[in-house]
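So the chains spell out like this:
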Amino acid sequence: MQRKPKLRELTVTCSDGSSDTYVGLNPDTDPADKVQAFVNCFRNAAYYASSLCLDLPPKLILAQWGGESGWATGSYQKTNQNWANLVYTNPNNPPGNEGPGVGGWAKFCGRNKHAYGYGNFFDKDINPIYSELIDYLVWCQIKGVTPSEYTCARFIADAGYGGPDHDAYYNNLVAWMDTLCNLSDFC
């Protein structure tokens, strides 16, 4: 029987009294097991974030979270429960954060609070630099078409999410999506 890779998960009580799932570091060293364990742990959270963000493709969300966190091997990401490296701006940005965490990143209580923060992060009223992404996602909903993860990745990169080298960050997003599809059962 094949082993199903798994990350350690712990139910915690958040500062607002709700409960969430605190996720530990990924113990897997085999690349395929590492990516699959990440998918097993974060799949539902990515779908939740997608539902909050006008159906931003879950493939892109999982790939970005995985790539940014080293597929849940980064200690800052674990400590902050911030798998997408969302920068702390203020108590309301990113939404649902619990304040500044280690390294200047926002801190979240757990996986679902992070998904909530990520899913609302691109809101035009919160972060207007992502207005082209949101306009595209709204257009897709109006037309009844599935958003392209590559078009969305381009909008995210061009808005500066990964820093000033937009092409390099876009290429990272594409590579992370390829890794996700090649080393897990997600795609």
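The rules behind the values
Residues numbered from 1 in each chain as written. Predicted model: local features only at pLDDT ≥ 70, side-chain atom pairs only at ≥ 80, totals over all residues. Heavy atoms only, no water. Phe/Tyr/Trp six-rings, centres within 6.5 Å; stacked < 30°, edge-to-face > 60°. Buried < 20%, exposed > 50% of the residue type's maximum accessible area, 1.4 Å probe, protein only. Helix = DSSP H or I, 4+ residues; strand = E, 2+ residues; numbered from the N terminus. Pairing = 2+ DSSP bridges. Core = buried A, V, L, I, M, F, W, Y, C linked by side-chain atoms within 4.5 Å. Contact = heavy atoms within 4.5 Å.

Trainee: Tell me about the packing of aromatic side chains, residues and numbers included.
Mentor: Scanning the model with the defined rule gives 16 aromatic pairs in all. Between Tyr-118 and Phe-122, the aromatic rings sit 5.2 Å apart at their centres with planes inclined by 85°, giving edge-to-face as the arrangement. The buried category is assigned to Tyr-118, whose relative accessible area is 1%. Between Tyr-136 and Phe-155, the ring centres sit 5.7 Å apart and the planes meet at 45°, which makes this aromatic pair tilted. Of this pair, Tyr-136 sits in helix α5 (residues 131-143) while Phe-155 is found in helix α6 (residues 149-158), placing the two residues 19 residues apart along the sequence. Grouping aromatic residues by their ring pairs yields a cluster made of Phe-38, Phe-42, Trp-65, Trp-71, Trp-83, Tyr-118, Phe-121, Phe-122, Tyr-130, Tyr-161, Tyr-169 and Trp-176.

Trainee: Describe the pairing of strand β1 (residues 9-13), listing the residues and the values that go with them.
Mentor: In this sheet, strand β2 (residues 19-23) lies alongside β1 in antiparallel orientation, the contact comprising five bridges. Note on β2: the bridge partner recorded for Leu-10 is Tyr-22. What sits between β1 and β2 in their antiparallel hairpin is a turn of five residues, with Gly-17 showing a positive phi close to 90°.

Trainee: Please provide a residue-by-residue account of the nonpolar core, values included.
Mentor: If you look at the biggest cluster of nonpolar residues, it comprises 48 residues, and the most contacted ones within it are Phe-42, Leu-56, Trp-65, Tyr-118, Phe-122, Ile-156 and Tyr-161. Listing elements by their share of this core, those giving two or more residues are α1 (31-52), α2 (58-69), α4 (111-121), α5, α6 and α7 (166-183). For this core, the leading source of residues is α1, giving nine residues. The contacts of Trp-65, once residues within four sequence positions are left out, are Phe-38, Phe-42, Ala-45, Ala-46, Ala-49, Trp-83, Ala-84, His-114, Ala-115 and Tyr-118.

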